[in-house]
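As a plain string of letters, each chain reads:
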Amino acid sequence: MSAIAIVDYGMGNLGSVANAFARLGVPCETTADPAKLRSARAIVLPGVGAFRAAMQNLRSRGLDRALDEEVRGRGKPFLGICLGLQLIAHDSTEHGFERGLAWIEGHVDRLSPAEAQPVPHVGWNELQPVAPSPLFERVAPGAHFFFDHSYHLRCPDELVSARCDYGGRWVAAVQAGHIHAVQFHPEKSQRNGLRVLRNFTRWLDARGC
Amino acid sequence: MLKARVIAVVLVKDATVVQSIGFRRYLPVGRPDIAISYLDRWGADEILVLHIDGRPASPETVASYSRHCQVPLSVGGGVRDAATVQRIIQAGADKIVLNTAAYDDPALIGQAAERFGEQCVVVSIDARRGMAYVDGGKRATGTEAAALAVGCAERGAGEILINSIERDGSKQGYDLELIRTLVGAVRIPVIACGGAGTPEHMHAALAQGPAAVAAANFFHFTEHSVILAKSWLAAHGVPVRLDSYASYAGRELDAQGRLARLPEEALDHLRFRYVPEEVI
């Protein structure tokens, strides 16, 4: 069975995602090579960083096209993490205006919590699953995950599988068929996070990927 | 709802965890990897490692910290340029901590935020009588800590860590007025540090409104230190995450956060049940 590919686009901490899969005993490989993305069983797009820099890095490495071909073209299972959730939207207003991968209907804007709470939304917050998702099996509603973001995804309700509450019910996770994405950091959310990643690999197994 | 964070700080000098007293005396504690793995096991909400020998942590060192850390890892100390920021984040840190550089070269804050996002940038400010000092407390800036914090937030800092030099290592409690001033000055999360001696001190600090309390020395000398502190806070109505293999729910903790002895009847009938750790 081939490995899970973790996309390396020069954007920051990939080690923690790789460490998390290693803890689960699940083979993974960090790569920027389109050939490796082609042969991988699934693609994980992590992201710690700014939307514009991320899209520029993806484009300059030809990874936007490679990801498009694999995930949208060939239906390869996908998991976006944090910035990786925002990048699949149409666009973001972080540092101006930047187009994203446009895989799902959605836009990324700055968080505006109702009671003027501090931004970024950083810390452990309770996940509220709102639709059945393979990622959240055996994850109790209200389980804590680590969030750290100043921007959030706005998208149609039917795509949303979980929300979190921070002066507003923000999107915490989406699913569009074989495309999953989460706003929180499963690789930094201790056991709850490992459960989500294990659920992702179980879902891959069930699909025969 | 978002919980208040309890952050464990690990000060490293010459590859050793040290206890800091007033920014002047440093006593050895032990190995960083051991400290980090236990703080992680005990459910610290984040771990913040500061190198205080003037040189930034190497990528290999950061990678070694990251390996043991399943909670967000912030790394700082001696970070003065964008290349170092990039190396540290790509080696495994989730956030970079800037202190002296945030004052001497504030453009670095913006550079780091543009590349990695403001949520990756923590500016740490050390204060005496409300005034900011850099270079490990040795150089006065002549600027109020609050004013410096405001400027750094404008430049793109995601969080402010405010540390009281006077309270450092004192175990006399946090500088509540300093925390209150900083919380009132900025619209980004504030992390309070310096002086924790009891969970009661953390409670008083959190009552000033910061997003998080941090402590270094406090967590390094007792077993389950993080779990006990959080249990005490939870028992006193502070919303914190309690997610570790040990629970002290229903147990009495004194003002110092120590477990009270169980009553004789309970001790007489105490039995232990083996609960195997869940394999995820």
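What counts, and at which threshold
Residues numbered from 1 in each chain as written. Chains lettered and ligands numbered in written order. Predicted model: local features only at pLDDT ≥ 70, side-chain atom pairs only at ≥ 80, totals over all residues. Heavy atoms only, no water. Pairing = 2+ DSSP bridges. Helix = DSSP H or I, 4+ residues; strand = E, 2+ residues; numbered from the N terminus. Contact = heavy atoms within 4.5 Å. Buried area = accessible area lost by both parts, 1.4 Å probe. Salt bridge = Lys/Arg side-chain N within 4 Å of Asp/Glu carboxyl O. Axes fitted to C-alpha atoms, helices over the stretch in contact; angles between N-to-C directions. Parallel < 35°, antiparallel > 145°, perpendicular 65-115°, else oblique. Left-handed = near helix turned anticlockwise from the far one by under 90°. Disulfide = S-S within 2.5 Å. Core = buried A, V, L, I, M, F, W, Y, C linked by side-chain atoms within 4.5 Å. Buried < 20%, exposed > 50% of the residue type's maximum accessible area, 1.4 Å probe, protein only. Polar contact = N/O pair within 3.5 Å; in protein donor to acceptor, adjacent residues only side chain to side chain. Phe/Tyr/Trp six-rings, centres within 6.5 Å; stacked < 30°, edge-to-face > 60°.

Chemist: Describe the sheet that holds strand E5 (residues 91-92) of chain A, listing the residues and the values that go with them.
Modeler: Residue and element names in this part refer to chain A. As summarised here, the arrangement of the four strands in space is E6-E5-E7-E11, forming an open sheet in which the pairing is mixed. A strand with exactly one partner marks an edge of an open sheet, and here the two such strands are strand E6 (98-99) and strand E11 (151-154). Bridging between E5 and strand E7 (residues 107-110) involves two bridges; their strand directions are parallel. Residue serine 92 lies in a different strand from E7, and its bridge partner there is valine 108.

Chemist: Explain the interface of chain B and chain A to me, and be specific about the residues and the numbers.
Modeler: Interface size is often expressed as the accessible area that is lost when the parts come together. At the junction of the two partners, chain B supplies 39 residues and chain A supplies 41 residues. Note on chain B versus chain A: buried area summed over both sides is about 3,400 Å², and carbon and sulfur give 47% of it. It is B:Leu2, B:Gln70 and B:Ile280 in chain B that bury the most area against chain A; as a group they hold 24% of the surface buried on that side. Linking chain B to chain A there are five salt bridges.

Chemist: Describe in detail the packing of helix H6 (residues 145-155) of chain B against helix H7 (residues 176-185) of chain B, supporting the description with residues and values.
Modeler: Residues and elements named next belong to chain B. One way to put it is that H6 packs onto H7 with a least axis distance of 9 Å and a crossing angle of 30°. As judged from the angle between their axes, H6 and H7 are roughly parallel. The handedness of the crossing between H6 and H7 comes out as right-handed. Residues Ala145, Ala146, Ala149 and Val150 of H6 lie in contact with H7, whose contacting residues are Leu178, Thr181, Leu182 and Ala185.

Chemist: Tell me about the state of the cysteines, and name the residues and values.
Modeler: With the rule as written, the count across this model stands at zero disulfides over all chains. A:Cys82 provides the cysteine sulfur closest to B:Cys120, a residue in no disulfide bond, and the two sulfurs are 8.5 Å apart. As a non-bridged cysteine, B:Cys193 has B:Cys69 as the owner of its nearest cysteine sulfur, 16 Å distant.

Chemist: Please set out the nonpolar core residue by residue, giving values where relevant.
Modeler: Counting 80 residues, the largest nonpolar core has B:Leu39, B:Ile47, B:Ile125, B:Tyr174, B:Leu182, B:Met202 and B:Phe219 as the members making the most contacts within it. Residue contributions to this core peak at six residues, all from helix H9 (residues 225-235) of chain B. Grouped together as the second largest cluster of nonpolar side chains are 39 residues, A:Ile4, A:Phe147, A:Trp170 and A:Phe200 included.

Chemist: Before we move on, can you summarise the sheet that holds strand E9 (residues 128-129) of chain A with the specific residues and values?
Modeler: All names here are of chain A. Within the open sheet, the eight strands sit side by side as E2-E1-E3-E4-E14-E13-E12-E9. Their pairing is mixed. Of all the strands in the sheet, just strand E2 (28-31) and E9 have a single pairing partner and so form its edges. Note that strand E1 (residues 4-7) and E2 share four bridges and pair parallel. The residue of E2 that forms the bridge with valine 7 is threonine 31.

Chemist: How would you sum up the pairing of strand E10 (residues 144-149) of chain A? Please name residues and give values.
Modeler: All names here are of chain A. Taken across its six residues, E10 has six buried, putting it largely inside the fold. Of the two faces of E10, the one holding His144, Phe146 and Asp148 and the one holding Phe145, Phe147 and His149 are both buried throughout. Direction of pairing for strand E8 (residues 121-126) relative to E10: antiparallel, over a ladder of six bridges. The residue of E10 that forms the bridge with glutamate 126 is histidine 144.

Chemist: Just give me the short version of the pattern of salt bridges, but keep the residues and values in it.
Modeler: The full count for this structure, using the stated rule, is 31 salt bridges over all chains. B:Glu118 is the salt-bridge partner of A:Arg110, the closest N and O atoms lying 3.0 Å from each other. With A:Arg110 in strand E7 and B:Glu118 in the loop between helix H5 (107-116) and strand E7 (121-128), the pair connects residues from two separate chains. In this structure, the salt-bridge partner of B:Asp45 is B:Arg241, at a minimum N-O distance of 2.9 Å. Here B:Asp45, found in the loop between helix H1 (32-41) and strand E4 (46-51), pairs with B:Arg241, found in the loop between H9 and helix H10 (264-268); they are 196 residues apart in sequence, far enough to count as distant. Assessed through its relative accessible area of 0%, B:Asp45 is described here as buried. Within this structure, A:Arg38, A:Glu69, A:Glu70, A:Arg74 and A:Lys76 form a network of salt bridges that share partners.

Chemist: Residues and numbers for the environment of B:Asp268, please.
Modeler: Residues and elements named next belong to chain B. Here aspartate 268 lies in helix H10. Using a relative accessible area of 56% as the deciding quantity, one classes aspartate 268 as exposed. C-alpha of aspartate 268 to C-alpha of leucine 182: the two residues are 86 residues apart in sequence and 51 Å apart in space.

Chemist: So what's going on with the side chain of A:His144? Which residues, and what values?
Modeler: Note that A:His144 resides in strand E10. A polar atom in the side chain of A:His144 sits 3.0 Å from the side chain of B:Lys3. The contacts of A:His144, once residues within four sequence positions are left out, are A:Trp124, A:Asn125, A:Glu126, A:Asn192, B:Lys3, B:Arg241 and B:Asp243.

Chemist: Mind laying out the packing of aromatic side chains, listing which residues take part and the relevant values?
Modeler: Residues and elements named next belong to chain B. What the rule picks out here adds up to eight aromatic pairs over all chains. Ring plane angle 65° and centroid distance 5.7 Å describe the contact between tyrosine 38 and tryptophan 42, whose orientation is recorded as edge-to-face. Note on tyrosine 38: relative accessible area 43%, which makes it partly exposed. On the accessibility criterion, tryptophan 42 (7% relative accessible area) is buried. Ring geometry for phenylalanine 218 and phenylalanine 219: centres 5.2 Å apart, planes at 85°, overall edge-to-face.

Chemist: Run through helix H3 (residues 51-60) of chain A, naming residues and quoting values.
Modeler: Taken as a whole, H3(A) has its buried residues at A:Phe51, A:Ala53, A:Ala54, A:Met55, A:Asn57 and A:Leu58. Immediately downstream of H3(A), the backbone of A:Gly62 shows phi near 70°, a positive value.

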